[in-house]
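# Survey of secondary and tertiary structure
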Amino acid sequence: MPPRTNDHAPESGRDTGPAEPAGLSAPSASTGAGAPPGPTNARPGTGDRAGARTDTGSGPATRTRTGAGARTKARTRTGAGTRARSETRAGVKTETGAGTKTETETGTRARAEVIVRPESGAEVTGPGPEASPSGVRTASLRRFATTARRSRGAHLTVCGALLAVAMTAGAVADGGDRGGSPAGAGAGTDAAPAAGALAAGVLAGGDLDAGIRALQSHLRAQPRDVSAWAHLGLAYVEQARTDGDPSRYPQAERAFDRSLSLGSGNEQALAGRAALAAARHDFPGALKYADRALEQNPYSERALSSRIDALVELGRYDEAAEAADTADDRRPGVPVFTRYAYVRELRGDVRTAREVLERALGGASAPADVAYVATALGQLAWNQGDHETALTHFARALAADEEHLPALEGRARAQAASGDLAGAIGTLEQVVVRSPLPGPLVALGELYEVRGADGDRTKAADQYALVDAHAALARAGGVNADLDTALAAADHGDPEAALRAARAEWDRRHSVHTADALAWALHRNGRSEEALPHARRATATGYRNAVFLHHRGMIERATGRDGDARRSLTAALELNPGFSLLGAREARAALEDLEAAR
């Protein structure tokens, strides 16, 4: 399973000031048991899951005690699980490989909800654009168009339309006022609700697109509302997450910049910039902004969470553990608990990670929280090769939120590992139609290869081609996509491109995931001796990951260390025999060859 990130995390609640320290470190007064420790980016990794969190106040956090003794607090969220809608008019109606009919409109009205037309007639997009350069955007779109033209599958057409819509949306958004504030501000006097109440509604899981329009309307009437600009930025980050549309990130950045220009040092905008930086995989930036936000408000849940995410992704695991303890003391709750658990898992403490998540699930009540924590438990079980338990957790997550994409992706991987290839393919086809991200695209391509039916080789190639198209789109939105590129290209693309991307990522951060990606890219380029130290580093923290062990074993075999290779490959298959159907097949074949050569 790909590196975990927090993009699908439920929204945290009010950051309302000092909270009584009653987290994992100290026993709960009501039960005598420690409250659940916290979380990571909901499985940090490539930043693909960095969810925006809403901070809407400055007073004490509201908490209730659950029957299990886990503490929960009032929380607002920004539409986790909202279905991405791609509209632009010219209707292409297609059928996916699973037989589900999907309508994708492409044409002249790309995401009109992002555009506000004040009475003056000018178009504005909240903060007013300064999006990615149009040349970069056009080049990315052309790369996608080339991919789409060589595709023969209706499924790829659907994914392509989603990517094209995102590109078009960014281009339309660039047509607005470049002055940094809504055109006609103060001219139109539409009834605009107070920013605090509006933000709570916008980011509480309702209609996010309508909420963004409401915030824009409010800002036309009150263009100097510092908090509203920060909340608009958070809404754009959330929209990018739920729609899989990185073109929203430049809009979010402009909104945060506007908020900071009106109120330098305001914690909401600083914490928002931290979340945005993490979503773009700029982890040094995320750490910088999180620290600045915490200087203003040491109890900011979003900033505390982003700080853990950044330290994890930078490979600074001891500091991440300290940050998780601090966050648990100050703001115990689902966002912190899941990060706490992931930090423990990365250090090999699977038992504590599981206990923390189970207690967090017992204390969760909101559907988004239940889906999020149950998915984290499913991913933990799947990583340990317990596919039946993983399926049970994913089923619970989907019962709470049937559109929770990480749960659908996890279920597909567990289905494949359990022998249900048809079910796995059908589930992943649902996922990539709605959100064509690199991880599920590669997984679906590999399942097509394993099935080997007529046309499956072409279908697999189509999925791998779309990974490159998505990476181009992500870069146009300011996202660092090198880790995704390295992982996909090493096995299913250009090994030299994989190595360039892996080296670039390693230069930025030294996490176990980047160490593994660099090791594998070096190996795929015939440089296995150079790869081996990185493969060893990827497995040195105690993190139990069958993919890492498989990569290390293949590298050890290539360098003539047959005994080490047998141990690593055997460990990979014993830990999780279904970590990858293609990878497991390769590991078994290598072990057979090693035994035969004895």
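Residues numbered from 1 in each chain as written. Predicted model: local features only at pLDDT ≥ 70, side-chain atom pairs only at ≥ 80, totals over all residues. Heavy atoms only, no water.

## Focus: the overall build of the protein
- If you tally the helices and strands in the protein, you get 25 helices and four strands.
- Within the span of the protein, comprising 598 residues, buried residues form 62% of the whole.
- Once local pairs closer than 6 in sequence are excluded, the contacts in the protein between residues at least 24 apart make up 70%.
- Of the roughly 20900 Å² of accessible surface on the protein, 47% is carried by carbon and sulfur atoms. (Helix = DSSP H or I, 4+ residues; strand = E, 2+ residues; numbered from the N terminus. Buried < 20%, exposed > 50% of the residue type's maximum accessible area, 1.4 Å probe, protein only. Contact = heavy atoms within 4.5 Å. Areas by Shrake-Rupley, 256 points an atom, 1.4 Å probe, with all protein chains shown as cover.)

## So, the pattern of salt bridges
- Across all of its chains, the model carries 26 salt bridges by this definition.
- Here E319 makes a salt bridge to R316, at a shortest N to O gap of 2.8 Å.
- Since its relative accessible area comes to 33%, R316 is described here as partly exposed.
- D325 is the partner of R344 in a salt bridge, and the nearest nitrogen-oxygen pair spans 3.3 Å. (Salt bridge = Lys/Arg side-chain N within 4 Å of Asp/Glu carboxyl O.)

## Some words on the packing of helix α11 (residues 334-346) against helix α12 (residues 350-363)
- Put simply, α11 and α12 touch, their axes get as near as 8 Å, and they point 165° apart. Viewed along their axes, α11 and α12 adopt a mutual orientation that is roughly antiparallel. As for the relative orientation of α11 and α12, their crossing is left-handed in sense. In contact with F337, T338, Y340, A341, R344 and E345 of α11, α12 contributes T352, A353, V356, L357 and A360. (Axes fitted to C-alpha atoms, helices over the stretch in contact; angles between N-to-C directions. Parallel < 35°, antiparallel > 145°, perpendicular 65-115°, else oblique. Left-handed = near helix turned anticlockwise from the far one by under 90°.)

## Quick notes on the packing of aromatic side chains
- Taken as a whole and assessed by the stated rule, the structure comprises one aromatic pair.
- Relative to F548, the ring of Y543 lies with its centre 5.8 Å away and its plane at 75°, an arrangement referred to as edge-to-face.
- Residue classification places Y543 among the buried positions, given a relative accessible area of 7%.
- Judged by relative accessible area, which is 4%, F548 ranks as buried.
- The ring of Y340 is capped by R344, whose NZ or CZ atom sits 4.1 Å from the centre of that ring. (Phe/Tyr/Trp six-rings, centres within 6.5 Å; stacked < 30°, edge-to-face > 60°. Lys NZ or Arg CZ within 6 Å of the ring centre and 35° of its normal.)

## As for the environment of M554
- One can find M554 in helix α23 (residues 546-558).
- For the pair M554 and A590, spaced 36 residues apart in sequence, the C-alpha to C-alpha distance is 7.7 Å.
- Not counting chain neighbours up to four residues away, the residues in contact with M554 comprise W520, H523, L569, E586 and A590.

## Observations concerning the nonpolar core
- Ranked by size, the top nonpolar core spans 100 residues in total, and within it I308, V312, L346, L357, V373, I555 and L569 carry the most contacts.
- With ten residues, the single largest contributor to this core is helix α13 (residues 367-383).
- Dropping the residues within four chain positions of it, L346 is found in contact with V312, Y317, V512, T541, G542 and Y543.
- One finds L215, L234, A255 and V479 within the second-largest nonpolar core, a separate group that totals 23 residues. (Core = buried A, V, L, I, M, F, W, Y, C linked by side-chain atoms within 4.5 Å.)

## Observations regarding the packing of α23 against helix α24 (residues 562-575)
- Viewed as axis vectors pointing N to C, α23 and α24 meet at an angle of 160°, and their least axial separation amounts to 8 Å. Judged by the angle between their axes, α23 and α24 are roughly antiparallel. Like other packed secondary-structure pairs, α23 and α24 cross with a definite hand, here left-handed. In contact with A546, L549, H550, R552, G553, M554, E556 and R557 of α23, α24 contributes D562, D564, A565, S568, L569, A571, A572 and L575.
- Looking at side-chain class alone, the contact of α23 with α24 contains eight nonpolar, three polar and five charged residues. (Nonpolar A, V, L, I, M, F, W, Y, C, P; charged D, E, K, R; others polar.)

## Topic: helix α7 (residues 267-279)
- Between its first and last C-alpha, α7 extends 18 Å over 13 residues, near the 18 Å set by a 1.5 Å rise per residue.
- In the stretch just after α7, H281 is the one whose phi turns positive, near 65°. (Expected span 1.5 Å × (residues − 1).)

## Focus: the environment of A321
- Counting through the fold element by element, A321 comes out in helix α10 (residues 317-330).
- Looking at A321, the relative accessible area reads 9%, which means it is buried.

## Quick notes on α10
- Given a rise of 1.5 Å per residue, 14 residues ought to cover 20 Å, and the 20 Å separating the end C-alpha atoms of α10 matches this to within 8%.
- Burial in α10 covers these residues: Y317, A320, A321, A323, A324, A327 and D328. The buried residues of α10 all sit within an arc of 165° when viewed along its axis, so they share a single face. Turned more than 90 degrees away from the buried face of α10 sit D318 and E322, all of them exposed.
- Close packing links the buried residues of α10 with α9 (301-313), α11 and α21 (512-524). (Arc of directions from axis to C-beta.)

## Some thoughts on unusual backbone geometry
- Phi at H281 is positive, roughly 65°, even though this residue is not glycine.
- Within the secondary structure, H281 is located in the loop between α7 and α8 (283-296).
- For H281, a relative accessible area of 6% translates into the label buried.

## Some points on the confidence of the model for the protein
- Looking at the protein, the pLDDT average stands at 76 and 66% of residues meet or exceed 70.
- Scored below 50 in pLDDT, residues 11-142 shows 475 contacts in the model against residues more than four places distant or in partner chains.
- Low pLDDT, under 50, characterises residues 164-195; the predicted model gives this stretch 90 contacts beyond four residues in sequence or across chains. (pLDDT = per-residue confidence, 0-100.)

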